[in-house]
Amino acid sequence: MVHVRRFLQRWLSLVRSVVRLTGVLNETARGLYCPAGDFFIDPWEPVERAVITHAHADHARPGSAAYLCTPGTRELLQRRLGPDAILQTIEYGSLLRMGDVTVSFHPAGHVLGSAQIRVDGPGGVWVVAGDYKRAADPTCAPFEPVPCDTFVTESTFGLPIYRWDDTAVVMRDILSWWDANREAGRASVIFCYTLGKAQRLLAELATLTGRAVHVHGMMLGMIDGYREAGVTLPEVKPVIDRTGRSPRTSMAGELVLAPLSARGTPWMRRLGTLSDAFASGLMRVRGVRRQRAYDRGFVISDHADWPALLQTITETGASRVLATHGHAEPLARHLRTQGLESGIIRTAWEGEPSGD
Ligand SMILES: [Zn+2]
Ligand SMILES: [Zn+2]
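Calculation notes
- Residues numbered from 1 in each chain as written.
- Chains lettered and ligands numbered in written order.
- Predicted model: local features only at pLDDT ≥ 70, side-chain atom pairs only at ≥ 80, totals over all residues.
- Heavy atoms only, no water.
- Donors = N, O, S within 2.8 Å, 3.2 Å for Na, K, Ca; no water.
- Helix = DSSP H or I, 4+ residues; strand = E, 2+ residues; numbered from the N terminus.
- Core = buried A, V, L, I, M, F, W, Y, C linked by side-chain atoms within 4.5 Å.
- Buried < 20%, exposed > 50% of the residue type's maximum accessible area, 1.4 Å probe, protein only.
- Contact = heavy atoms within 4.5 Å.
- Salt bridge = Lys/Arg side-chain N within 4 Å of Asp/Glu carboxyl O.
- Axes fitted to C-alpha atoms, helices over the stretch in contact; angles between N-to-C directions.
- Parallel < 35°, antiparallel > 145°, perpendicular 65-115°, else oblique.
- Left-handed = near helix turned anticlockwise from the far one by under 90°.
- pLDDT = per-residue confidence, 0-100.
- 1 Å grid on protein atoms, 1.4 Å probe; cavity = no way out; pocket = protein on both sides within 12 Å on 5 of 7 lines; lining within 4 Å.
- Points joined across faces, edges and corners; volume = space filled by probe spheres on them.
- Nonpolar A, V, L, I, M, F, W, Y, C, P; charged D, E, K, R; others polar.

## Quick word on the coordination of the zinc ion (ligand 2)
Argument step 1. Asp-58 (OD), His-59 (NE2) and Asp-131 (OD) make up the full set of protein donors to the zinc ion (ligand 2), lying at 2.1 to 2.7 Å.
Argument step 2. Read in sequence order, the donor residues for the zinc ion (ligand 2) give the motif D-H-x71-D.
Argument step 3. A spacing of 3.5 Å is found between the zinc ion (ligand 2) and the zinc ion (ligand 1), which share Asp-131 as a donor. Within this pair, whereas His-59 is found in the loop between strand 4 (49-51) and strand 5 (66-69), its partner Asp-131 is found in the loop between strand 10 (124-128) and strand 11 (150-155), the two being separated by 72 residues in sequence.

## Focus: the coordination of the zinc ion (ligand 1)
Argument step 1. For the zinc ion (ligand 1), the full set of protein donor atoms is His-54 (NE2), His-56 (ND1), His-110 (NE2) and Asp-131 (OD), and the range of their distances to it is 2.2 Å.
Argument step 2. As a motif over one chain, the donors of the zinc ion (ligand 1) read H-x1-H-x53-H-x20-D.

## A look at the nonpolar core
Argument step 1. Ile-174, Ile-190, Leu-201, Tyr-226 and Leu-257 are the most contacted members of the largest nonpolar core, which totals 45 residues.
Argument step 2. Elements with a contribution of two residues or more to this core: strand 5, helix 2 (71-81), helix 3 (167-183), helix 4 (197-206), strand 13 (213-215), helix 5 (220-228), strand 15 (255-258) and strand 16 (274-279).
Argument step 3. Broken down by element, the residue count for this core peaks at 6 residues, all from helix 3.
Argument step 4. Apart from residues lying up to four places away in sequence, Leu-201 is in contact with Met-171, Ile-174, Ile-190, Cys-192, Leu-257, Ala-279 and Ile-300.
Argument step 5. Leu-68, Val-101, Val-119 and Trp-126 belong to the second largest nonpolar core, which has 21 residues in total.

## Details of the pattern of salt bridges
For side chains bearing opposite charge, pairing can occur when the charged atoms are close.
Argument step 1. Taken as a whole and assessed by the stated rule, the structure comprises 11 salt bridges.
Argument step 2. Of the charged contacts, one joins Lys-133 and Asp-137 as a salt bridge, the two residues approaching to 2.8 Å between their closest N and O atoms. Each member of the pair, Lys-133 together with Asp-137, is buried.
Argument step 3. Taking the shortest distance from any N to any O, the salt bridge between Asp-179 and Arg-211 comes out at 2.8 Å. With Asp-179 in helix 3 and Arg-211 in the loop between helix 4 and strand 13, the pair connects residues that are 32 residues apart, well separated along the chain.
Argument step 4. Judged by relative accessible area, which is 27%, Arg-211 ranks as partly exposed.
Argument step 5. Within the structure, one salt-bridge network assembled from shared partners comprises Lys-133, Asp-137, Arg-200 and Asp-302.

## Some words on the packing of helix 7 (residues 306-316) against helix 8 (residues 328-337)
Argument step 1. Here helix 7 crosses helix 8 at 50°, and the two axes come no closer than 12 Å. One finds that helix 7 runs oblique with respect to helix 8. Relative to helix 8, the crossing made by helix 7 is right-handed. Here Trp-306, Leu-309, Leu-310 and Ile-313 of helix 7 come into contact with helix 8, specifically with Leu-331, His-334 and Leu-335.

## Some details on the confidence of the model for the protein
Argument step 1. For the protein, per-residue confidence averages 92 on the pLDDT scale, and 92% of positions sit at 70 or higher.
Argument step 2. Across residues 15-21, where pLDDT falls below 50, the model places 13 contacts with residues more than four positions away in sequence or in other chains.

## Some remarks on unusual backbone geometry
Argument step 1. One non-glycine residue with positive phi stands out, namely Asp-42, at about 45°.
Argument step 2. By the secondary structure assignment, Asp-42 is in the loop between strand 3 (39-41) and strand 4.
Argument step 3. Exposure remark for Asp-42: the relative accessible area of 10% places this residue in the buried category.

## A word on empty space enclosed by the protein
Argument step 1. On inspection of all chains with the given rule, the structure shows 3 cavities of 30 Å³ or more.
Argument step 2. Approximately 230 Å³ is the volume found for the largest cavity.
Argument step 3. In terms of lining residues, the largest cavity is bounded by 18 residues, among which Leu-32, Ile-41, Asp-42, Thr-324 and His-325 are the most central.
Argument step 4. Counting only elements with at least two residues in the lining of the largest cavity, the list comes to strand 2 (31-34), strand 11 and strand 18 (320-326).
Argument step 5. Per element, the largest residue contribution to the lining of the largest cavity is 3 residues, and it comes from strand 11.
Argument step 6. Taken together, the residues that form the lining of the largest cavity break down as 7 nonpolar, 7 polar and 4 charged.

Right, dumping it as structure tokens:
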């Protein structure tokens, strides 16, 4: 009962907090809605027409009647939503008339198929960036700044403490950690997100070493999706293959990528003595590293860090910026001190950011 009441209270406060943004897009209890085009962007409830920035679970929820996304996102989303889901695709840069607005998708550099959504209507040009990053990623198209009047930015890492090192430096750290574990006869396990981070690590590692990487079986589906979308990834070996057998007797010296949900499960016993790590922007914070008790934290993120958020906002030329996800309030406050009109957009998603 307490649960139900708390849930209802949360929804009530959400509904009460609906802000009429009097523009191309409005904040509603189901997500961002475009009345002139009659569609939602990344709705968290089932709707008639969902326009989707990317395939992560906090942006693409099941149950909508129809989805519009890029071909890359479709490759991944169809696997998640099942064969019956209706997914229409649109290429980056092509214009689509929807009601009284024109919609186009532009690369966000976050994961395969990720897109910013540009909506051009009577209220001006809006760009909803979804999740994005500015660091190079061999597995997806690079972010393109899109000029607009109102920019809806993510703010997952919207605090000045979040600054990423060069990816090449982090990858060399990962390789030397793996080497040290090999010498000590231990397996190396990197926990990371199944969609995006795993494929990026695989592609980056392939430029440094020819050694095969092992993966948890749960990672195979999305890796297949990337390959089918035309992304080149090195060969991977499942720790337990599709028939349920372990092809190797010992995992000493091997590197394994695994989803966070595998940590502490009986599956881990197959790996023998091991050292574990988490690859995430969250690892920038020492308290989080200590609390999660990983042997190592590798700071590598598929989201923009603080300097990249500010740089991107400047590059769009937007006069109004709305922040959403994570540290929205501190980012909006900072932008106001810089003379920009800025506010936040609430999200019903209160879990951990996916693909961080
Ligand atoms: Zn994401
Ligand atoms: Zn997200």
